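Listed below, chain by chain, are the residues.
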Amino acid sequence: IAHEGAHRESVTAGARALVETFGTHPDATHVVSREADGTVRVISHGAESLRWRPRLMGAHNALNGAAAGVMALRLGAPRDCVETALADFAGLDRRQQFMGLARMPFGDVRVYDDYGHHPTEIRVTLRALREATGARRLVCVFQPHQHSRTRALLADFAQAFGDADLVLLPEIHFVRDDESERTKVSSEMLAARIRGEGRPAESVGTLEAAQSRALACLQPGDVLVTMGAGPVWKVARALVQEGLTRRAD
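Residues numbered from 1 in each chain as written. Predicted model: local features only at pLDDT ≥ 70, side-chain atom pairs only at ≥ 80, totals over all residues. Heavy atoms only, no water.

Novice: Please set out the pattern of salt bridges residue by residue, giving values where relevant.
Specialist: Within this structure, the stated rule accounts for 22 salt bridges. Between Arg41 and Glu35 there is a salt bridge, and its shortest N-O distance comes to 3.7 Å. Residue classification places Arg41 among the partly exposed residues on the basis of a relative accessible area of 23%. Judged by its relative accessible area of 31%, Glu35 falls in the partly exposed class. As a salt-bridge pair, Arg94 and Asp113 come within 2.6 Å of each other at their nearest N and O atoms. With Arg94 in the loop between helix 3 (79–88) and strand 5 (97–104) and Asp113 in strand 6 (residues 107–114), this pair connects stretches of sequence that are 19 residues apart. The exposure classification of Arg94 matches that of Asp113, with both residues buried. Here the salt bridges do not stand alone but share partners, grouping Glu35, Arg41, Glu48, Arg51, Arg79 and Glu83 into one network. (Salt bridge = Lys/Arg side-chain N within 4 Å of Asp/Glu carboxyl O. Buried < 20%, exposed > 50% of the residue type's maximum accessible area, 1.4 Å probe, protein only. Helix = DSSP H or I, 4+ residues; strand = E, 2+ residues; numbered from the N terminus.)

Novice: Tell me about the packing of aromatic side chains, and please be specific about residues and values.
Specialist: By the definition in use, this model includes 3 aromatic pairs. Between the aromatic rings of Phe142 and Phe157, the centroid separation amounts to 5.8 Å while the plane-to-plane angle is 35 degrees, which identifies the pairing as tilted. Here the residue Phe142 occupies a position in strand 7 (residues 137–142), and Phe157 occupies one in helix 6 (residues 154–158), the gap between them amounting to 15 residues. Side by side, Phe142 and Phe157 carry an identical accessibility label, which is buried. For the ring pair Phe142 and Phe161, a centre distance of 5.5 Å and an interplane angle of 55 degrees mean the geometry is tilted. Note that Phe142 is positioned in strand 7 and Phe161 in the loop between helix 6 and strand 8 (166–170), a separation of 19 residues in sequence. Note on Phe142: relative accessible area 0%, which makes it buried. (Phe/Tyr/Trp six-rings, centres within 6.5 Å; stacked < 30°, edge-to-face > 60°.)

Novice: Mind laying out helix 8 (residues 207–217), listing which residues take part and the relevant values?
Specialist: Of all the positions in helix 8, only Leu207, Ala210, Gln211, Ala214, Leu215 and Cys217 are classed as buried. Taken around the axis of helix 8, the buried residues stretch over an arc of 165 degrees, which confines them to a single face. Turned more than 90 degrees away from the buried face of helix 8, the exposed residues are Glu208 and Ala216. (Arc of directions from axis to C-beta.)

Novice: Can you tell me about the nonpolar core, naming the residues and giving the values?
Specialist: If you look at the biggest cluster of nonpolar residues, it comprises 27 residues, and the most contacted ones within it are Ile122, Leu126, Cys140, Phe142, Phe161, Ile194 and Val225. Within the residue set of this core, elements represented by two or more residues are helix 4 (119–133), strand 7, helix 6, strand 8, helix 7 (187–196) and strand 10 (222–227). The biggest single contributor to this core is helix 4, with 4 residues. Phe161 has contacts with Ile122, Leu126, Cys140, Phe142, Val167, Ile194 and Arg199, leaving out every residue within four places of it along the chain. Formed by 21 residues, the second largest nonpolar core is a distinct cluster that contains Leu168, Leu224, Val235 and Leu239. (Core = buried A, V, L, I, M, F, W, Y, C linked by side-chain atoms within 4.5 Å. Contact = heavy atoms within 4.5 Å.)

On their own, these measurements won't tell you what the molecule is for.
Dropping the structure here:
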């Protein structure tokens with residue numbers, strides 16, 4: 001269980017099984033650290049148990065890998081096989097997925113897509129992209145998913161974009177809600193809250209409008225990521241295809 005998990009002790013209270021923790025805290029059973037070159041190390045009971053260079057970005061993926069690796073060792077897998085598997089894992093569709101290059105007149109813009117649609121997912125993914133890509137600006141096209149969720153977590157969402165330099169918000173993806181929810185919250189309300197947190201944000205309407213606005217906003221050195229559980233990935237794909245068309249013209 002994650003050592004830094006807020007409810008770790010209450011969750012494991014009374015457990016008959018052996019409980020071990022993983023995390024960055026020195027008191028964790030399995031201490032996870034990242035070196036300057038990106039290498040991840042796991043120190044278990046005072047000795048190094050794993051070391052690998054992940055292909056995935058971010059501290060959260062280092063922790064995920066450590067948890068999977070420690071469990072694999074517990075199940076009897078050889079260390080070298082575990083380290084090779086962790087180093088070779090390239091991730092899943094719609095998780096920090098590199099979609100390609102939007103070939104703009106001033107140069108190429110790297111385009112990513114991610115399924116993250118909860119505040120914590122947004123926060124850690126943007127932080128990982130910021131650290132790993134060295135973007136001059138990080139542009140995020142975020143499609144809120146479900147009106148009731150957006151309304152309930154509005155303050156948390158507003159604070160989740162601290163690593164974005166510009167947030168473009170298409171209309172909220174309507175799913176699983178009563179029609180009345182449409183009148184209670186909007187992308188413009190979220191954009192206003194994000195601006196209140198000191199980050200530039202715009203409500204842009206449809207996905208097609210989001211694509212057009214992104215093309216108008218992109219600058220040299222930018223990295224763009226689309227985020228959300230809805231069809232916002234279509235914007236990333238269209239930006240790459242549009243860029244290729246522009247270059248061909």
